[in-house]
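What the coordinates show
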Amino acid sequence: MLDERDNIIIEMLTKDARTPFTEIAKVLGISETAVRKRVKALEEAGVIKQYTVVVDPSKLGYNLVSLTGVDTLPEKIFDVAEKLKEFDFVREVYLTSGDHMIMAEVWARDGEDLSDIISNKIGRLDGVTKVCPAIILEKLK
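These numbers were taken from a predicted model, which means no experiment stands behind them.

A word on the overall build of the chain. Counting its secondary structure elements, the chain contains five helices and four strands. When the elements of the chain are put in sequence order from the N terminus, they spell out α-α-α-β-α-β-β-α-β. Computed over C-alpha atoms, the radius of gyration of the chain comes to 20 Å, more than 25% over the 14 Å expected from 2.2 N^0.38 for 141 residues, which places it beyond the range of a compact globule. For the C-alpha atoms alone, the extent of the chain along its principal axes is close to 55 × 35 × 25 Å. Scored against the burial criterion, the 141 residues of the chain give a buried share of 31%.

See below:
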């Protein structure tokens, strides 16, 4: 069971995975060793699964990011999801219970690139019945 200190550690590392344990210790009023033990326990429990980097797609030349809904024939959902994971332009893939069976985060260089991805790559996968891109205009959080 997580306590308030664990929640603060998670919040601080979520905002910046490179936050020094000494800084976390100061905020919590505990020793750096205690923070290390807590973080190790959170990792071992699978609460903290990995540390990652957040990249600005536009700095890499990807000027359009789309949350793309993909519908499939029911028997093809897992095959399509696996194929989507193989594309470099697909950054995240989720199975969902919402409006679409699969949601994928797609990075494109421009509108022409996104059209090509939607029509000639995702749309042509065996089992895909519908592709619905929603271009992200602004990330607020």
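Continuing now.
Now for the packing of aromatic side chains. Scanning all chains against the criterion turns up two aromatic pairs. A cation over an aromatic ring shows up here: Arg 109 above the ring of Tyr 62, its NZ or CZ 4.2 Å from the ring centre.

To continue, consider the packing of helix H1 (residues 4-15) against helix H3 (residues 32-44). Where H1 meets H3, the axes come as close as 11 Å, and the angle between the chain directions of the two elements is 80°. Regarding the angle of H1 to H3, the classification is roughly perpendicular. Within the contact between the two elements, H1 uses Arg 5, Asp 6, Ile 9, Ile 10 and Leu 13 and H3 uses Arg 38, Val 39 and Leu 42. Here the residues of the contact of H1 with H3 sort into five nonpolar, no polar and three charged.

A separate point is a nonpolar patch on the surface. Taken together, the side chains of Val 53, Val 55 and Leu 60 make up a nonpolar region of the molecular surface, amounting to roughly 270 Å² of accessible area. Here Val 55 is to be found in the loop between H3 and strand E1 (64-72). Judged by relative accessible area, Val 55 falls into the partly exposed class, the value being 39%.

What follows is about the packing of helix H2 (residues 21-28) against H3. Axis separation between H2 and H3 bottoms out at 8 Å; the angle between their running directions is 105°. Relative to H3, the element H2 lies roughly perpendicular. Across from Phe 21, Thr 22, Ile 24, Ala 25 and Leu 28 in H2, the residues of H3 making contact are Glu 32, Val 35, Arg 36 and Val 39. Of the residues in the contact of H2 with H3, the class split is six nonpolar, one polar and two charged.

Conventions adopted
- Residues numbered from 1 in each chain as written.
- Predicted model: local features only at pLDDT ≥ 70, side-chain atom pairs only at ≥ 80, totals over all residues.
- Heavy atoms only, no water.
- Helix = DSSP H or I, 4+ residues; strand = E, 2+ residues; numbered from the N terminus.
- Rg over C-alpha atoms; globule rule 2.2 N^0.38 Å.
- Buried < 20%, exposed > 50% of the residue type's maximum accessible area, 1.4 Å probe, protein only.
- Phe/Tyr/Trp six-rings, centres within 6.5 Å; stacked < 30°, edge-to-face > 60°.
- Lys NZ or Arg CZ within 6 Å of the ring centre and 35° of its normal.
- Axes fitted to C-alpha atoms, helices over the stretch in contact; angles between N-to-C directions.
- Parallel < 35°, antiparallel > 145°, perpendicular 65-115°, else oblique.
- Contact = heavy atoms within 4.5 Å.
- Nonpolar A, V, L, I, M, F, W, Y, C, P; charged D, E, K, R; others polar.
- Patch = residues over 30% accessible without salt bridge, like charges linked within 9 Å, V, L, I, M, F, W, Y side chains within 5 Å.
- Areas by Shrake-Rupley, 256 points an atom, 1.4 Å probe, with all protein chains shown as cover.
- Salt bridge = Lys/Arg side-chain N within 4 Å of Asp/Glu carboxyl O.

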